[in-house]
Structure formats: structure tokens, C-alpha cells
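Coordinate inspection notes
Next come the chains, spelled out residue by residue.
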Amino acid sequence: MENQKPSLMLVDGMALLFRAFYATAVTGQFMINSKGIPTNGIHGFVKHLFTAVSSFKPTHLAVCWDMGSKTFRTEIFADYKGNRGEAPIELIPQFDLVKEVVESFDIPNIGLAGYEADDCIGTIAQQMKGTAHVSILTGDQDILQLLDEDISVILLKKGYGNYLVHTPQTFFEDKGIMPRQMIDLKALMGDPSDNYPGVKGIGEKTALKLLKEFEHVEGIISNLDRLSKSHKSKIEQDLDMLHLSRTLAEIKCDVPVTCQLDQAGLSIPRERALNKLKEVELRGIQRLLPLDEAIIS
């Protein structure tokens, strides 16, 4: 047992917080506490977090966050995520407060201005994969490009405790391409949720077919004369956007962030955690915390 690798769960904090917020906001259940602060997103975030801990039993845990909407991606493409409105007013005070709650659990909060949570997750996953089995908890499929033998992805499904766990093998069975080729897939077909177009007129089916034949974007460009007249024309017309979309799609794995295993051991300080939950007035949630299972500090 002593030779067993530790298991590090990296959590996409915004994915959990937004999912939790909208699940109850739709019916107006904002859980406003006595200080007038809505807590519905935080409540659901904590529930998602520790339901996953209970299901997957990681020894170590860290939460990664977006640090504002301006990133290197918006610098190179101003319309990146430009289709997303402002955060709801009830959610705004929960951004900082949820990090305070995580801190009270002695779980690291990680984020860096100019980058997205995905970039921090990708960087730490690459740093740690030799030392630990890394799992990534998120609702965002973009992260599947990071899959490898030491990195799995746990996708949140509807409700609590429902997951789709991906490994490189399951990804290949699903798409017929390797995880890293997902970057090229998104470069070709674009991503409406992140608001970049890829190549106009190329959808997932065509993109997958081209990648299975030519491996990556550069392989496709090197073999334009072998494509149908229609596909060749579409790619030539959108060549600049194809390259730009690939840059936008690729998760950066060289961000200047780190996660020390000895600071990410899952061992929640009982008194500090319970005091914070009481202060924020998060009722009924303490029973989810693994307070009696000090795992590895």
C-alpha cells in the first residue's frame, strides 16, 4: 500500500459553481442569508465537490478558478466568449465567498490572471501526472484533450453523483481520434459556446473524417489537393481563422502555477470549516464533509 500512487483531483471551480447556481436560480431559490448574500451557488458547489470526493476518494484535492474574463485568448480574439452575458447579480458576491469556503477546508485555490481555470488544470495535471493519478472534475468537455494514461476526466452529468468518466480509451471509442486531436477537431468545427467559428461549413462529421485521414490541421493543409473541391475551398477561405481557432482551443500546459502535494492533502480542519459554514449560513451541508476521515495531510 505504501507504494501506491496518491490520487489528485483537480476541480474546475467555475464549472461547479455555475452549474450549482443555475440549477436553483431557475426557480428563484437563491438561499439569501441574514446578511443579504445569496448562497445557492456555494451550497451546490460544496455538495458537488464532496459528493465527488465520496465517490472517487482522492487523497489530494485542489480547486482551479478563472480569474476574470480577460485572458490571453481575448487579447488575440476580442470576440472570444463574447456571446456570454454578464454574470447574474445574485452570483457575483458568491465568487469570492466560495473561495473563502474552500480555503476554510484547507484546500488550495489556484488561479492566475490572464489564463482560464482549464490552463491551470492542464499545467498542474502535466506537472503531477508522474507522481499522482490525476482526475479532473468538470462539466466542460474541452478538458478531454488532456486525457492520457495518468489523467482521467470526470464529467458532471445532471443532478448530483452522476458522472461520465473518460480515459483515453473511452474517448477513442467515442470519437475515433486521440484526445490531443480534439484541439484540431475544435479548430476545424469551431466552438459556439466559446464563440469562435473554426472553418465555416465544416461540422463535426467532416472534421472527424479529415482528422482520421490526415491526423492534424497541418496534415490537412499539406494535403489540400487531396480534399474534395468543396472542403478545399472552405479551408483555404478560412485558413487564418483555422490557425487562430486552434490556438484558442488548445489548453496551455505551461502556465506559471504549481500545486504542492503536501499542501493539497485532503484533511479538513473541523473547527475552521464548521465555523465558516456557520458564518455563511450553509445549513445541512456539514454532513457531506469528510471530517472524520483525515486522509493525508
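All values reported here derive from a predicted model rather than from experimental measurement.

Observations concerning the overall build of the chain
Counting its secondary structure elements, the chain contains 12 helices and 6 strands. Referenced to the eigenvectors of the C-alpha coordinate spread, the extents of the chain come out at roughly 65 × 50 × 30 Å. Counting every position in the chain, which comprises 297 residues, the buried fraction comes to 49%. Look at the contacts in the chain between residues 6 or more apart in sequence, and 71% of them connect residues 24 or more apart. Carbon and sulfur atoms make up 51% of the accessible area of the chain, which amounts to about 14,500 Å² in all. Of the side chains in the chain, 32 bear a positive and 40 a negative charge, and the two mean positions are spaced by 5 Å.

A look at the pairing of strand β2 (residues 60-64)
Along β2, 5 of the 5 residues are buried, which leaves the element largely enclosed by surrounding structure. As defined by bridge partners, β2 adjoins strand β3 (residues 109-110) across 2 bridges and the pair is classed as parallel. Each residue of the ladder has a partner; that of V63, found in β3, is N109.

Description of the state of the cysteines
Counting across every chain of the model gives 0 disulfides. Here C120 is not disulfide-linked; the sulfur of C64 is the nearest cysteine sulfur, at 5.5 Å. Judged by relative accessible area, which is 0%, C120 ranks as buried.

What to know about the pairing of strand β5 (residues 151-156)
Of all 6 residues in β5, 5 are buried; the element is thus mostly enclosed. Taken together, the 5 bridges between strand β4 (residues 133-138) and β5 define a ladder with parallel strand orientation. The partner of T138 across the bridge, within β5, is L155. As paired strands, β5 and strand β6 (residues 163-166) are joined by 4 bridges and run antiparallel to one another. Paired with L156 across the strands is Y163, a residue of β6. In sequence, β5 turns back onto β6 through a hairpin of 6 residues, with G159 there showing a positive phi of about 85 degrees.

Overview of the packing of aromatic side chains
A full pass over the atoms with the stated rule returns 9 aromatic pairs. When the centroid spacing of 5.0 Å and the interplanar angle of 70 degrees are considered together, the rings of F56 and Y163 count as edge-to-face. On the criterion of sequence distance, the pair formed by F56 in helix α2 (residues 40-56) and Y163 in strand β6 is long-range, its members being 107 residues apart. The class for F56 is partly exposed, based on a relative accessible area of 31%. Through a chain of ring-to-ring contacts, three or more aromatic side chains come together here, namely F18, F21, Y22, F30 and F95. Seen from the ring of W65, K99 lies directly overhead, with NZ or CZ sitting 5.1 Å from the centre. We note K252 situated over the ring of F72; from NZ or CZ to the ring centre the distance is 5.6 Å.

Points about the domain arrangement of the chain
According to the domain assignment, the chain contains domain 1 (7-174 + 252-288) and domain 2 (176-249). Between the C-alpha centres of domain 1 and domain 2 there is a distance of 30 Å. On the side of domain 2, 20 residues touch domain 1, which itself brings 18 residues to the contact. Across the domain 1/domain 2 interface, buried area totals approximately 1,700 Å², and carbon plus sulfur atoms make up 57% of it. For the domain 1 face of the interface with domain 2, the top three residues by lost area are F77, Q145 and F171, together amounting to 36%. Linking domain 1 with domain 2 are 2 salt bridges, by the criterion used here. Residue K186 pairs with D142 through a salt bridge whose shortest N-O separation is 2.7 Å.

Concerning the sheet that holds β5
Spatially, β3-β2-β1-β4-β5-β6 is the arrangement adopted by the 6 strands of the open sheet, whose pairing is mixed. At either end of the open sheet lies a strand with only one pairing partner, and these are β3 and β6. With 5 bridges connecting them, strand β1 (residues 7-12) and β4 associate as parallel partners. When the sheet's bridge partners are listed, V11 is paired in β4 with L137.

About the criteria used
- Residues numbered from 1 in each chain as written.
- Predicted model: local features only at pLDDT ≥ 70, side-chain atom pairs only at ≥ 80, totals over all residues.
- Heavy atoms only, no water.
- Helix = DSSP H or I, 4+ residues; strand = E, 2+ residues; numbered from the N terminus.
- Buried < 20%, exposed > 50% of the residue type's maximum accessible area, 1.4 Å probe, protein only.
- Contact = heavy atoms within 4.5 Å.
- Areas by Shrake-Rupley, 256 points an atom, 1.4 Å probe, with all protein chains shown as cover.
- Lys, Arg positive; Asp, Glu negative; His and termini not counted.
- Charge placed at Lys NZ, Arg CZ, Asp CG, Glu CD.
- Pairing = 2+ DSSP bridges.
- Disulfide = S-S within 2.5 Å.
- Phe/Tyr/Trp six-rings, centres within 6.5 Å; stacked < 30°, edge-to-face > 60°.
- Lys NZ or Arg CZ within 6 Å of the ring centre and 35° of its normal.
- Domains from an automatic or database assignment.
- Buried area = accessible area lost by both parts, 1.4 Å probe.
- Salt bridge = Lys/Arg side-chain N within 4 Å of Asp/Glu carboxyl O.

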